Amino acid sequence: CVMCSVAAAPQNEPTATDAEIAKLVETAEQSMQEESWPDAVEAWQAALDAAPNSAEIAYNLGVAAYREGRFDFSAEAFERAASLGDADLAASAMYNEGTARYADALERLNQPEEQSATTPQANEEPSEDPIQEAIERHKVSVKKQGIDETRADLLTKHVEKEKLSFRHSVLV
């Protein structure tokens, strides 16, 4: 229960009452059930603004943003959830952050060259190899979760296949 966790979590300077936060979470959950991802992202963001130290709300914002296709934003939300949550939530958030960064990297890799050149924001430095960065984040997550590294190896093989497939399609 997300609200149970929010109510129990220590909050430094909450900007809303528990009842207001509960209403925001209810709206966000309804949007998720309706698969209205833009509305869900907006509602989870409002809930996070009201309860900035809630790992659960940050995590759910990441889920909604991922489903909307906003992978970079999703990764940032999962990164925030990992920094705020307990060990179990942090491990799941880190894994999802890696998945979101991987999806973002693939999306950028598949963009036409002139569009991908403008993708990084003016204030951020482009990653030398965003796919490799995503793989490394997955490996860290897998280790923290105590999962066999075979899972990370499978991801690496899949990514290399995607890179090769993309290079081949560009050359054709």
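Residues numbered from 1 in each chain as written. Predicted model: local features only at pLDDT ≥ 70, side-chain atom pairs only at ≥ 80, totals over all residues. Heavy atoms only, no water.

1. Some thoughts on the confidence of the model for the protein
Detailed reading of the predicted coordinates is not advisable wherever pLDDT falls low.
Then comes step 1: Taken residue by residue, the protein gives an average pLDDT of 76. The fraction at 70 or more is 58%.
Then comes step 2: In the predicted structure, residues 116-123 sits below a pLDDT of 50 and forms five contacts with residues beyond four places in sequence or in another chain.
Then comes step 3: Segment residues 166-172: pLDDT under 50, and two contacts once partners within four positions in sequence are set aside and those in other chains are kept. (pLDDT = per-residue confidence, 0-100. Contact = heavy atoms within 4.5 Å.)

2. Things to note about the side chain of S74
Then comes step 1: Assignment of secondary structure puts S74 in helix α5 (residues 71-84).
Then comes step 2: Residue S74 is classed as buried on the basis of its relative accessible area of 0%. (Helix = DSSP H or I, 4+ residues; strand = E, 2+ residues; numbered from the N terminus. Buried < 20%, exposed > 50% of the residue type's maximum accessible area, 1.4 Å probe, protein only.)

3. Thoughts on the environment of M94
Then comes step 1: Topologically, M94 is positioned in helix α6 (residues 87-109).
Then comes step 2: Given the relative accessible area of 16%, M94 is considered buried.
Then comes step 3: The spatial distance from the C-alpha of M94 to the C-alpha of A75 is 8.7 Å, given a sequence separation of 19 residues.

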